[in-house]
Amino acid sequence: MNPEAVVTVLCGLAILVGVAGTIIPVLPGSILIALSLLAWALWGGAGTTGWVVFGVGLAFVLAGMAASTVLTGRKLKQHRIPSRSVVVGLVLGVVGMFVIPVVGLFVGFAAGLLLSELLRTRAFGSAVASSWAALKATGLGMIVEFGLACLSASTWLIGLWVAAAA
C-alpha cells in the first residue's frame, strides 16, 4: 500500500470519528474533520481536487460549528438559562460517563442541568421547564452540526471518487 492510500484510509477513519464526535461530546468533532481534510489535501495525492474538497468541507465544518453555537446560545438566552447550569450539566455528564456505561454522559448532563436549575429557581416545575428547554437547545445545535459534518464527510467521499477517476 502506498503512502497516499495510508493517508486516505487514516483521514477517512478520522472523519468518521469526527462525525461521531458531533453527537458524542467525548470524541473530537468538527475540528478533527477539518484537520483530516487538510491532511488529505496535503498528503493524500489528490492534487487540486484535495484542495477543493478541503475548502468546501471546511466551509461546512465552520458553518456547523457556528450554527450550533448560535442556535444553542440564542435558545439559552431566550429561556434565561445561565451558563453555570450548562457547566454543571457538563461536569456531571463527565462524571456520569464513568458511573453509568454508554448513557451516563447524557443522564449526567440532564441531571446536572436539572439540579443546577432547581437550585437557581427553587421551584421544581420551573427547573424542569428550563432544563428541558436547555436540553432541546443543545440537541438542536448538535443535530445541525452533525448534519453539516455529514455534508463535509460526503464532500470528502465525492472528492475521493473524483480523484480516483482522474
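Residues numbered from 1 in each chain as written. Predicted model: local features only at pLDDT ≥ 70, side-chain atom pairs only at ≥ 80, totals over all residues. Heavy atoms only, no water.

Student: Which residues make up the layout of surface pockets, and what are the values?
Tutor: To find the voids left in a structure, one rolls a probe of water-molecule size over its atoms. A volume near 560 Å³ is recorded for the largest pocket. Counting residues per element, the ones that place at least two in the lining of the largest pocket are α3 (48–78), α4 (83–99), α5 (104–121) and α6 (124–165). The element contributing the most residues to the lining of the largest pocket is α6, with 6 residues. Across the lining of the largest pocket, the residue classes break down as 11 nonpolar, 10 polar and 1 charged. (1 Å grid on protein atoms, 1.4 Å probe; cavity = no way out; pocket = protein on both sides within 12 Å on 5 of 7 lines; lining within 4 Å. Points joined across faces, edges and corners; volume = space filled by probe spheres on them. Helix = DSSP H or I, 4+ residues; strand = E, 2+ residues; numbered from the N terminus. Nonpolar A, V, L, I, M, F, W, Y, C, P; charged D, E, K, R; others polar.)

Student: Tell me what's going on with the packing of helix α2 (residues 30–43) against α3, and back it up with residues and numbers.
Tutor: Look at α2 against α3: their axes get within 9 Å of each other, and the N-to-C directions meet at 170 degrees. Considered as vectors, α2 and α3 are oriented roughly antiparallel to each other. Between α2 and α3, the residues in contact are S30, I31, I33, A34, L37, L38, W40, A41 and L42 and G50, W51, V53, F54, G57, L58, V61 and M65, respectively. Considering only residue class, the contact of α2 with α3 consists of 14 nonpolar, 3 polar and no charged. (Axes fitted to C-alpha atoms, helices over the stretch in contact; angles between N-to-C directions. Parallel < 35°, antiparallel > 145°, perpendicular 65-115°, else oblique. Contact = heavy atoms within 4.5 Å.)

Student: Run through the nonpolar core, naming residues and quoting values.
Tutor: Nonpolar side chains in soluble globular proteins generally cluster together in the buried interior. Of all hydrophobic cores here, the largest spans 17 residues; its most connected members are I15, V19, I33, L37, W40 and W156. Per element, the largest residue contribution to this core is 6 residues, and it comes from α2. Membership of the second largest hydrophobic core comes to 8 residues, among which are V86, F109, A133 and A137. (Core = buried A, V, L, I, M, F, W, Y, C linked by side-chain atoms within 4.5 Å. Buried < 20%, exposed > 50% of the residue type's maximum accessible area, 1.4 Å probe, protein only.)

Student: Residues and numbers for the packing of aromatic side chains, please.
Tutor: Summed over the entire model, instances satisfying the criterion amount to 2 aromatic pairs. A centroid spacing of 6.0 Å and a plane angle of 75 degrees characterise the contact between W40 and W156, whose relative ring orientation is edge-to-face. One end of the pair, W40, is in helix α2; the other, W156, is in helix α6, and 116 residues separate them in sequence. In this structure, W40 and W156 share a single accessibility class: buried. On the basis of an interplanar angle of 90 degrees and a centroid distance of 5.9 Å, the ring pair of W51 and F54 is categorised as edge-to-face. Here F54 and W51 lie together in helix α3, a separation of 3 residues that amounts to about one turn. A residue is classified by how much of its surface remains accessible, and W51, at 40% relative accessible area, is partly exposed. (Phe/Tyr/Trp six-rings, centres within 6.5 Å; stacked < 30°, edge-to-face > 60°.)

Student: Outline the environment of L118, supporting the account with residue identities and numerical values.
Tutor: Mapping L118 onto the fold places it in helix α5. Along the chain, L118 and S85 lie 33 residues apart, while their C-alpha atoms are 9.7 Å from each other. Not counting residues up to four positions away in its chain, the partners in contact with L118 are A123, F124 and A127.

Student: Give a description of helix α1 (residues 3–21) that names residues and reports values.
Tutor: Taking 1.5 Å per residue as the helical rise, α1 with its 19 residues ought to reach 27 Å, and the 26 Å between its terminal C-alpha atoms agrees with that figure. In the core, the buried residues of α1 are packed alongside α2 and α6. (Expected span 1.5 Å × (residues − 1).)

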